[in-house]
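Residues per chain, in single letters:
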Amino acid sequence: PQNIEMLFTFGLLLKDETLAQGYHWLLGVAASAAVAALARRIDPKASVLLAAAAFATIPTVVLIGGWAYVDLGVVLFVTLSVLCFLRWTRSEACPWLVLSAVFAGAAAGSKYTAGFQGLLVAGGAMLLGTLRRWPARKAVSLSALAAGVVAAVACPWWIRNALATGNPLYPFCYGLLGGEGWDAERARVLSLALGQWGGERGLVDTLLLPLRLTFSGQFFSEANFDGVIGCAFLLAAPLLAASLRLSREHRVVACFALAHAAFWVLTTRQVRFLLPALAPAAALLGASVPVLLPTGWPRACATAVLHASLALNVLIASLHFAHHNPLRVVLGLETRSAYLQREIPGCDYAVFEHIERSLPPDSFILLGSLGNPGFLVKRRYSSDAFFENRTLAAILAAAATPDDAHEALRARGFTHLLFRWENVFDPEEKRSEIPLEDQKKLAAAMNRHAKLVCQAGGTMLYEIEKTERG
């Protein structure tokens, strides 16, 4: 599903990656505004500023706001879907349920996991009908209507996947649906990789998740949830629990937040995947403080603690921002090239700069094991997910001689080969999935039929010479 990526593509066509990143930042602003609107819908006396700030200052939100990721767009759609569903529960006007399903479908068309919101909307319609003792036919009809709208909005991507790969949910459900360009081994590794975030998954570890997530969350650490949420939500937990008795609106929004949180616990425990639960929780926080806390010192103390926790979030995000020091580029004191050279992992940006400046426009690059930084490769390329040497290994395995390997590379149209040396040529075969004999075959083929055109930080770019047949 690529609803949000289409915006990024538009930004790249109009200007460059900075405009694509800008779109995601604007989606973050819109998501914060949607959280504020949801808080106001829960209770007219809500503190919309507190609700928006509780979400917008989450350190992970600040971090990914400058990236061309899809998560803040998903949060926007999910929050608007909850807002419309809340309006439907009060008015029972069918257009609000349809609009809630439209936004849920937009979320599902942006990210597979966001399709869970569509299940909640359809299931919520059925549950509400049961609680209000509607005729079974009416409840089922409304639930089916919601599910149909979600599917209609999201299905263009499912149809595209089915036509392109044979699997509408590509690359998931490989064992059941298959998928061109994928295989059982990579499906297994993907499943294992998605389960690595958040560390141990035992019963005690799961029960301690609120504490672990608050105090051990860390950027770029799989075992530590790959993100930081701050301490505001843990401090506000008693208020959020107490808010359930305030109104039906509080309970409905709490159900959405808890359902998304439970889905996160059972799937990938990465902080950015938790944001669809934290957004309605932030709205609940803004709607609860003005109502639950009486005026005077109780509200003053509680508000001071919450404000201090949000200020700590801002400090964490600011320190991370300062560590990367992008302002020198913005102020013209450092070139973009110099900034990327110090920020791109591996210190190999010079190779990608060479590709952009010097390679012919019709170049076709095969990426070996590199970390898949395809966004830096400004020419047509081919890469493999998870097993990054997969295509290269297959070519070498099928080639009887180094000359055959060269012929096969050129037959597939590859003009260049790009890889990190230690990830391809590894005698112990730990960092490279290419057998040692095939590594020797590749080395011989490169010595005879390729030329090193650029090297930086262990990353090598080779030009593959043409065959006699061209």
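The structure under discussion appears in the preceding block.
As the structure is a prediction and not an experimental result, all values here were calculated from the model. (Residues numbered from 1 in each chain as written. Predicted model: local features only at pLDDT ≥ 70, side-chain atom pairs only at ≥ 80, totals over all residues. Heavy atoms only, no water.)

### A look at the overall build of the protein chain
- The secondary structure content of the protein chain amounts to 24 helices and five strands.
- Principal-axis analysis of the C-alpha atoms places the extent of the protein chain at approximately 80 × 55 × 45 Å.
- Across the 470 residues of the protein chain, 48% fall into the buried class.
- Taking the contacts inside the protein chain whose residues are at least 6 apart along the sequence as the reference set, 64% of them involve residues at least 24 apart.
- Carbon and sulfur atoms make up 64% of the accessible area of the protein chain, which amounts to about 22,500 Å² in all.
- If you average the places of the 41 positive and of the 35 negative side-chain charges in the protein chain, the two averages end up 14 Å apart. (Helix = DSSP H or I, 4+ residues; strand = E, 2+ residues; numbered from the N terminus. Buried < 20%, exposed > 50% of the residue type's maximum accessible area, 1.4 Å probe, protein only. Contact = heavy atoms within 4.5 Å. Areas by Shrake-Rupley, 256 points an atom, 1.4 Å probe, with all protein chains shown as cover. Lys, Arg positive; Asp, Glu negative; His and termini not counted. Charge placed at Lys NZ, Arg CZ, Asp CG, Glu CD.)

### Some words on the packing of helix α21 (residues 390-398) against helix α24 (residues 436-449)
- One can describe the packing of α21 onto α24 by two numbers: an axis separation of 10 Å at closest approach and a directional angle of 90°. Classified by the angle between their axes, α21 and α24 sit roughly perpendicular to one another. Contact with α21, carried on its side by Leu392, Leu396 and Ala397, involves Asp438, Lys441 and Leu442 of α24 and no other residues of that element.
- Of the residues that constitute the contact of α21 with α24, the class distribution is four nonpolar, no polar and two charged. (Axes fitted to C-alpha atoms, helices over the stretch in contact; angles between N-to-C directions. Parallel < 35°, antiparallel > 145°, perpendicular 65-115°, else oblique. Nonpolar A, V, L, I, M, F, W, Y, C, P; charged D, E, K, R; others polar.)

### Considering α24
- Taking 1.5 Å of rise per residue, 14 residues should cover 20 Å, and α24 covers 20 Å from first to last C-alpha, within 8% of that figure.
- Asp438, Gln439, Lys441, Leu442, Ala444, Ala445, Met446 and His449 are the residues of α24 that are buried. (Expected span 1.5 Å × (residues − 1).)

### Quick word on the environment of Leu99
- Along the polypeptide, Leu99 turns up in helix α6 (residues 94-108).
- Of the residues examined, Leu99 reaches a relative accessible area of 32% and is grouped as partly exposed.
- Sequence separation of Leu99 and Tyr23 is 76 residues, and the distance between their C-alpha atoms is 23 Å.

### Things to note about a nonpolar patch on the surface
- Nonpolar side chains collect at one region of the surface, where Phe321, Leu327, Val330, Leu331 and Leu333 lie side by side and expose about 550 Å² of accessible area between them.
- In this structure, Leu331 sits in the loop between α18 (327-330) and α19 (336-343).
- On the basis of relative accessibility, which here comes to 61%, the residue Leu331 falls in the exposed class. (Patch = residues over 30% accessible without salt bridge, like charges linked within 9 Å, V, L, I, M, F, W, Y side chains within 5 Å. Salt bridge = Lys/Arg side-chain N within 4 Å of Asp/Glu carboxyl O.)

### Looking at the sheet that holds strand β3 (residues 416-420)
- Pairing is mixed across the open sheet formed by five strands, whose spatial order is β2-β1-β3-β5-β4. Among the strands making up the open sheet, the edge pair consists of β2 (380-382) and β4 (450-456). Averaged over all pairs of adjacent strands, the angle between their axes in this sheet comes to 25°, without regard to strand direction.
- Note that strand β1 (residues 364-367) and β3 share three bridges and pair parallel. Paired with Leu367 across the strands is Leu418, a residue of β3. (Pairing = 2+ DSSP bridges.)

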